[in-house]
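Structural overview
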Amino acid sequence: QLLYTGSALTDAISAAPIGDVTGTDRRPGTFDITTVGAVVSESGRSVQPLIVARKNGSYGAVRLQLLLDGDSDLLINNVVNVEFADAVTQQTVDFAALLRDDTDPQTDRIITANLRLAQNSPAGANVSSQNTTSIRVVDNDSAGSIGFVSSRIRGTEGDQVTVELQRLDGTAGRVVAV
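We now turn to the structure provided with this report. (Residues numbered from 1 in each chain as written. Predicted model: local features only at pLDDT ≥ 70, side-chain atom pairs only at ≥ 80, totals over all residues. Heavy atoms only, no water.)

Side note on the side chain of Asp139
As for its placement among the helices and strands, Asp139 is situated in the loop between β10 (132–138) and β11 (145–148). This buried residue, Asp139, is left without a salt bridge; Arg109 holds the nearest opposite charge, at 4.7 Å. A polar contact is formed between the side chain of Asp139 and the backbone nitrogen of Gln106, at a distance of 3.2 Å. (Helix = DSSP H or I, 4+ residues; strand = E, 2+ residues; numbered from the N terminus. Buried < 20%, exposed > 50% of the residue type's maximum accessible area, 1.4 Å probe, protein only. Lys, Arg positive; Asp, Glu negative; His and termini not counted. Salt bridge = Lys/Arg side-chain N within 4 Å of Asp/Glu carboxyl O. Polar contact = N/O pair within 3.5 Å; in protein donor to acceptor, adjacent residues only side chain to side chain.)

With respect to unusual backbone geometry
Non-glycine residue Asn56 carries a positive phi angle of around 60 degrees. By secondary structure assignment, the location of Asn56 is in the loop between β4 (51–55) and β5 (62–69). Residue Asn56 is classed as partly exposed on the basis of its relative accessible area, which comes to 48%. Residue Ala87 is not a glycine yet carries a positive backbone phi of 75 degrees. With respect to the secondary-structure elements, Ala87 resides in the loop between β6 (79–84) and β7 (90–92).

Topic: the pairing of β5
Of the pairings in the sheet, the one linking β5 to β6 comprises six bridges and is antiparallel in character. Bridged to Val62 within β6 is Phe84. Looking at chain direction, β5 and strand β8 (residues 109–117) are connected through six bridges and run antiparallel. Bridge pairing in β8 links Leu67 to Asn114. (Pairing = 2+ DSSP bridges.)

A few points about the nonpolar core
Leu66, Phe95 and Ile135 are the most contacted members of the largest nonpolar core, which totals 25 residues. No other element matches the four residues that β5 contributes to this core. For Leu66, the contacting residues outside a window of four places in its chain are Ile33, Leu50, Asn78, Val79, Val80, Val82, Val93, Ala113, Asn114 and Leu115. (Core = buried A, V, L, I, M, F, W, Y, C linked by side-chain atoms within 4.5 Å. Contact = heavy atoms within 4.5 Å.)

If you want it as structure tokens, here you go:
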């Protein structure tokens, strides 16, 4: 039993969330930053990765650039290329070669990232309005400080309570909470 035929079938395929099942979609896509508040260590290791996503098409290779603005002592490069091969819909940005890992204990630093199309991007490729984010760079030379995420915790006697801790201004060393 056919549920769709003709233009109704084409419309159903176009609306399908699984992508281009016909092989006829030639849209390069719209790109945006999906991570709000990325966190990386000074060594470039991602704690909360910065992800760039592609939607509304995934045809062809597309090169984007992420422009970084912040502490010039921290940034080795202020431009990073983000490459999308044909049909790739998500990329995680690698910060390992972008940040200068010093040995000086410091507080967390913030850099700003702006996404843009690189030169010679294919026609039809777009960057959405979700093209800017902040990246917190956590120092890996000091232990930092540990504190509660919330200033108020409620619970009932006899029940388990989940308490969330956060570590700020450092990642050096192991932390054990008991």
